[in-house]
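Each chain, written out:
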Amino acid sequence: MVLAARLHADSTSMAYSAKIGPSILSSDLACLGRECVRMMGCGADYLHLDVMDGHFVPNLTFGHPMVESLRKSVGPDPFFDMHMMVSRPEQWVKPMAAAGANQYTFHIESTTNPGNLIKEIRESGMKVGLAIKPGTTVEELAPWANQIDMALVMTVEPGFGGQKFMEDMMPKVSWLRSQFPSLDIEVDGGVGPDTIHKCAEAGANMIVSGSAVIGSDDPRSVISLLRTVVAEAIQKRSLDR
Ligand SMILES: O=C(CO)[C@@H](O)[C@H](O)COP(=O)(O)O
Ligand SMILES: [Fe+2]
């Protein structure tokens, strides 16, 4: 009986795993397809694609036509996590699904009706991510946490790669992990070998890393290090329960 309870606790705590997603914004954008294939070859678990519209954030990147081309270039397997930094996230759900996106992560600050958007994303066949900017409290995300696949806690002000990690976002991650033990929790911005321990200890399990991975001479080793730190923290948490 005790063993059964222990096994149950372990399997519950293992509901999420360490996953590393390079942010391809930091790569050579003239060779995006090749860079995506290279990152997957270096052990990436998924690819994080930053969509910026010049309104929600002061920068412009790419839209669904680029995602469609990338999908054709890399094949069906890589998981595309779309980080939608756009003012009208409702507008791009169907085009992104048709282009081959797997997860649609929108910002809670960008919509007045998160519930409806969550429904539309699911009906389009994608997983749902919900992001909060540094100035948004985690309490604003919490009411939706049971309806989403992933919560994204931004650790920089969205808009640009290569910014400094905001350690003061870690209490949001810790709180989410304590309240939603099996939720995928992603951190994004300034995450690399120097900051991963904070993220892992707080309870993040999906790790976006742009410049630290893609700017490295040895992305495979950086990805492996990030995953090891997070996996060890997950294991420790499951033993402490
Ligand atoms: O969404 C964003 C920035 O808005 C991120 O995905 C960055 O592109 C991550 O890059 P690094 O901060 O890791 O260099
Ligand atoms: Fe991002």
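Keep in mind that what you see is a predicted model, and the values were worked out from it rather than measured.

Asker: How should the coordination of the iron ion (ligand 2) be read in this particular structure?
Answerer: Looking at the iron ion (ligand 2), one finds its protein donor set to be H48 (NE2), D50 (OD), H83 (ND1) and D188 (OD), positioned 2.1 to 2.2 Å from the metal centre. One way to put it: the 6 donor atoms around the iron ion (ligand 2) meet at angles of 73 to 176°, and that makes the site octahedral. All donors to the iron ion (ligand 2) come from one chain, and their sequence spacing reads H-x1-D-x32-H-x104-D. Linking H48 in strand β2 (residues 47–52) with D188 in strand β7 (residues 184–188), this pair joins segments that are 140 residues apart in sequence. D188 matches H48 in its accessibility class, with the two residues each being buried.

Asker: I would appreciate a short explanation of the pairing of β2 in the present structure.
Answerer: Strand residues, when the strand is regular, have side chains that alternate between the two faces of the sheet. With 6 of its 6 residues buried, β2 lies for the most part within the structure. Because side chains alternate across β2, one face comprises the buried residues L47, L49 and V51, and the other comprises H48, D50 and M52, equally buried. In the sheet, β2 pairs with strand β3 (residues 80–85) via 6 bridges, with the strands oriented parallel. Within β3, the residue paired with H48 across the bridge is D81. Handedness of the crossover joining β2 and β3 through helix α3 (residues 64–74) is recorded here as right-handed.

Asker: Is there a simple way to explain the UniProt feature "binding site: a divalent metal cation" (unreviewed entry) in the protein chain in this structure?
Answerer: In the numbering adopted here, UniProt assigns the feature "binding site: a divalent metal cation" (unreviewed entry) to H48, D50, H83 and D188. These annotated residues cover 141 residues of sequence, but their C-alpha atoms sit close together, with the largest distance between any two at 10.5 Å. For H48, a relative accessible area of 0% translates into the label buried. Look past the residues within four positions of H48 in its chain and what remains in contact with it is G21, P22, S23, I24, D81, H83, E186, D188 and V208. Side-chain polar atoms of H48 contact the side chain of H83, separated by 3.3 Å. Those residues within four positions of D188 in sequence are excluded, and the remaining contacts are H48, D50, H83, L152, V153, M154, T155, V156 and V208. Within the local environment of D188, its side chain forms a polar contact with the side chain of H48, the two groups lying 3.1 Å apart.

Asker: When you look at the sheet that holds strand β1 (residues 19–22) in this model, what are you seeing that I'm missing?
Answerer: Two orientations exist for strands paired in a sheet by backbone hydrogen bonds: parallel and antiparallel. Within the open sheet, the 8 strands sit side by side as β1-β8-β7-β6-β5-β4-β3-β2. Their pairing is parallel. Looking at strand neighbours, the two that pair on one side only are β1 and β2, the edges of this open sheet. Between one strand and the next, the sheet's axes are offset by a mean angle of 25°, whatever the strand orientation. Where strand β4 (residues 103–107) and strand β5 (residues 127–132) come together, 5 bridges link them in parallel fashion. When the bridges of β5 are listed, F106 appears paired with L130.

Asker: For this particular structure, what's the right way to read the UniProt feature "binding site: substrate" (unreviewed entry) in the protein chain?
Answerer: The UniProt entry lists S23, H83, G159, F160, G161, G162, G190, G210 and S211 under the feature "binding site: substrate" (unreviewed entry), expressed in the numbering used here. If you trace the backbone, H83 turns up in strand β3. By relative accessible area, which is 0% here, H83 ends up buried. In contact with H83, other than residues within four places in its own chain, are H48, L49, D50, V51, T105, H107, L152, M154 and D188. There is a polar contact of 3.1 Å between the side chain of H83 and the side chain of D50. Contacts of G210, omitting those with residues within four sequence positions, involve S23, S26 and G215.

Asker: Mind showing me how you'd approach the packing of helix α2 (residues 32–41) against α3 here?
Answerer: Describing two packed helices takes the angle between their axes plus the distance from one axis to the other. For the pair α2 and α3, the least separation of the axes is 9 Å and the interaxial angle reads 55°. Classified by the angle between their axes, α2 and α3 sit oblique to one another. The interaxial crossing formed by α2 with α3 has right-handed handedness. Counted together, L32, G33, C36 and V37 of α2 and M66, L70, S73 and V74 of α3 form the full contact between these two elements. A class-by-class count of the residues in the contact of α2 with α3 yields 6 nonpolar, 2 polar and no charged.

Each value, and the rule that gives it
Residues numbered from 1 in each chain as written. Chains lettered and ligands numbered in written order. Predicted model: local features only at pLDDT ≥ 70, side-chain atom pairs only at ≥ 80, totals over all residues. Heavy atoms only, no water. Donors = N, O, S within 2.8 Å, 3.2 Å for Na, K, Ca; no water. Tetrahedral: all angles 85-135°; square planar, octahedral: opposite > 155°, others 65-115°. Helix = DSSP H or I, 4+ residues; strand = E, 2+ residues; numbered from the N terminus. Buried < 20%, exposed > 50% of the residue type's maximum accessible area, 1.4 Å probe, protein only. Pairing = 2+ DSSP bridges. Right-handed = clockwise from strand over helix to strand, strands pointing away. UniProt positions renumbered as here; feature names shortened; annotations may be inferred. Contact = heavy atoms within 4.5 Å. Polar contact = N/O pair within 3.5 Å; in protein donor to acceptor, adjacent residues only side chain to side chain. Axes fitted to C-alpha atoms, helices over the stretch in contact; angles between N-to-C directions. Parallel < 35°, antiparallel > 145°, perpendicular 65-115°, else oblique. Left-handed = near helix turned anticlockwise from the far one by under 90°. Nonpolar A, V, L, I, M, F, W, Y, C, P; charged D, E, K, R; others polar.

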